[in-house]
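Descriptive analysis of the structure
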Amino acid sequence: MLEISEIMYDLKTGSDDGREWVEIFNNSNEKVDLSDLKFFEGDTNHKIKIIEGDVKISPQGYAVIVSSAEKFKFDNPNFVGSILDSTFSLNNSGELLALKNGEEILDEYFYSSDIG
C-alpha cells in the first residue's frame with residue numbers, strides 16, 4: 001500500500017519554483033511498481049517518470065515525486081531513494097493530492113497552509 005507521507009509546498013525563504021516535492025511511502029511487505037501510476041494534483045492526473053533509483057519501491061521504502069529533479073538533488077544531496085519527475089505546482093494554500101492507478105485512488109492527502 002502506498003501513502004503520501006510528506007510534502008514540501010511552500011518554502012519559508014526564497015522561491016519554491018521547482019523546489020516542491022511529495023514523498024511517498026510503501027507501507028507493505030512487497031515491492032510496489034510505480035510505472036503505471038499517476039500523481040493527481042490541481043484536478044489533473046500527472047504522468048510520473050523515473051529519474052533516479054528503481055521504479056519498484058521496496059517494502060517500507062520511500063520515493064519522492066519532484067517538480068525539478070535537478071533542484072531537488074541540489075537541495076537534498078544526501079537523499080537516498082527513488083526520484084520521480086512530474087510536472088506540477090502545488091498550491092500554497094492547500095489542495096487535494098492523490099496517487100492513482102487508472103481511476104483507482106491508492107492514497108489521497110489534503111493539505112492546507114494550517115499544517116505548515
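Up top you'll find the structure we're talking about.
Residues numbered from 1 in each chain as written. Predicted model: local features only at pLDDT ≥ 70, side-chain atom pairs only at ≥ 80, totals over all residues. Heavy atoms only, no water.

1. Quick word on unusual backbone geometry
Counted only if it meets this: Only DSSP runs of H or I with at least four residues qualify as helices, and only runs of E with at least two residues qualify as strands; both kinds are numbered from the N terminus onward. With a 1.4 Å probe rolled over the protein chains alone, any residue whose accessible area is under 20% of its type maximum counts as buried; one over 50% counts as exposed, and the rest are partly exposed.
The backbone of Asp43 shows a phi angle near 60°, a positive value even though the residue is not glycine. The topology assignment puts Asp43 in the loop between strand S4 (38-41) and strand S5 (44-47). Relative accessible area serves as the criterion here: at 72%, Asp43 is assigned to the exposed category. Residue Gln60 is not a glycine yet carries a positive backbone phi of 60°. Among the secondary structure elements, Gln60 is positioned in the loop between strand S7 (56-57) and strand S8 (62-66).

2. So, the sheet that holds strand S6 (residues 49-52)
Keep this limit in mind: At least two DSSP bridges between two strands are needed for those strands to be called paired. Note on definitions: angles span 0 to 180 degrees between N-to-C directions of axes, and those axes are lines fitted to C-alpha atoms, for helices only across the stretch in contact.
Strands sit in the order S1-S2-S8-S9-S6 across an open sheet of 5 strands; the sheet is mixed. Edge strands, defined here as strands with exactly one partner in the open sheet, are strand S1 (2-8) and S6. For this sheet, the mean inter-axis angle between neighbouring strands, taken without regard to orientation, is 30°.

3. Focus: the pattern of salt bridges
Here is the rule we go by: One speaks of a salt bridge when a side-chain nitrogen belonging to Lys or Arg is within 4 Å of a carboxyl oxygen belonging to Asp or Glu.
Within the structure shown, the criterion is met by 2 salt bridges. Residues Arg19 and Asp75 are paired through a salt bridge, measuring 2.7 Å at the closest nitrogen-oxygen approach. Note that Arg19 is positioned in the loop between S1 and strand S2 (21-26) and Asp75 in helix H1 (residues 69-75), a separation of 56 residues in sequence. Judged by relative accessible area, Arg19 falls into the partly exposed class, the value being 24%. Given the relative accessible area of 35%, Asp75 is considered partly exposed. With a shortest N-O distance of 3.3 Å, Lys73 and Glu52 are connected by a salt bridge. Of this pair, Lys73 sits in helix H1 while Glu52 is found in strand S6, placing the two residues 21 residues apart along the sequence. When its relative accessible area of 34% is taken as the criterion, Lys73 is described as partly exposed.

4. Quick look at the pairing of strand S10 (residues 94-101)
Among the 8 residues of S10, 6 are classified as buried, and the element is accordingly described as predominantly covered. Bridge count for S4 against S10 is 3 bridges, and the pairing is antiparallel. Paired with Lys38 across the bridge in S10 is Lys100. Strand direction decides the pairing type here: S10 and strand S11 (residues 104-112), joined by 8 bridges, are antiparallel.

5. Things to note about the packing of aromatic side chains
Filter applied, for reference: Each aromatic pair joins two rings of Phe, Tyr and Trp (for Trp, the six-membered one) with centres within 6.5 Å, and gets the label stacked for planes under 30 degrees apart, edge-to-face for over 60, and tilted for any other angle.
Here the structure, examined in full by the defined rule, presents 4 aromatic pairs. Pairing Phe25 with Tyr62 gives two aromatic rings, centres 4.7 Å apart and planes at 35°, and the pair type is tilted. With Phe25 in strand S2 and Tyr62 in strand S8, this residue pair connects regions lying 37 residues apart in the sequence. For Tyr62, a relative accessible area of 39% gives the class partly exposed. Ring centres of Phe39 and Phe88 lie 5.1 Å apart, and the angle between their planes is 70°; this geometry places the pair in the edge-to-face category. On the criterion of sequence distance, the pair formed by Phe39 in strand S4 and Phe88 in the loop between strand S9 (82-85) and S10 is long-range, its members being 49 residues apart. Chaining the aromatic ring pairs together yields one cluster made of Trp21, Phe72 and Phe79.

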